[in-house]
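Examination of the molecular architecture
Each chain, written out:
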Amino acid sequence: MNGKNRADIKIGAQVKIILKADQKTGKLTEGTVSKLLTNSPTHPHGIKVMLEGGQVGRVQEIL
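All values reported here derive from a predicted model rather than from experimental measurement.

Rules used in this analysis
- Per chain, residues are indexed from 1 in the order of the written sequence.
- In keeping with the model being predicted, local features are shown solely for residues with a pLDDT of at least 70 and side-chain atom pairs are shown and tallied solely at 80 or more, while totals for entire chains, interfaces and linings include all residues.
- Values reported for side chains reflect all heavy atoms of the structure, with hydrogen atoms and water molecules removed beforehand.
- Helix and strand definitions here come from DSSP, where helices need a minimum of 4 consecutive H or I residues and strands a minimum of 2 consecutive E residues; each element is numbered from the N-terminal end.
- Under this definition, polar contacts are N or O atom pairs within 3.5 Å; protein pairs additionally need one hydrogen-donor-capable and one acceptor-capable atom, and for neighbouring residues in sequence, both atoms have to be side-chain atoms.
- In what follows, residue pairs with any heavy atoms lying within 4.5 Å of each other are defined as contacts.
- Strands are labelled as partners when DSSP assigns at least two bridges between them.
- Helix axes are fitted to C-alpha atoms over the stretch in contact, other axes to C-alpha atoms as well, and angles between N-to-C directions run from 0 to 180 degrees.

In this structure, T38 sits in the loop between β2 (28-36) and β3 (48-51). Among the polar contacts listed, one links the side chain of T38 to the backbone nitrogen of K48, at a separation of 2.7 Å. Not counting chain neighbours up to four residues away, the residues in contact with T38 comprise R6, I47, K48 and R58.

Right, here's the structure in full:
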C-alpha cells in the first residue's frame, strides 16, 4: 500500500517514510507512526507523519 491516503495510516502502524533530507537520494526510514501531521484526506507525495523516534517525513509504504 502507498501512503497517499490518510485513512490507510493508523497510529502504531509500521511504515517506511522519506525524510526531507533524503528526498534527493530516495533513502527510506522505517518506523512506527506516533502522529499524523497531514490533515487533508490525501496528498500526492504521501501523508506526513512523525515516527516514535521523532523523525518527520512522508509515508512511501505501509508495511
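Now, onward.
Either a parallel or an antiparallel arrangement is found when strands of a sheet pair, and the pairing is made through backbone hydrogen bonds. Spatially, the four strands close up into a barrel ordered β1-β2-β3-β4, and their pairing is antiparallel. Between one strand axis and the next, the sheet turns by 70° as a mean value, whatever way the strands run. Judged from the three bridges that link them, β3 and strand β4 (residues 56-62) form a sheet pairing that is antiparallel. If you follow K48 over to β4, its bridge partner there is R58.

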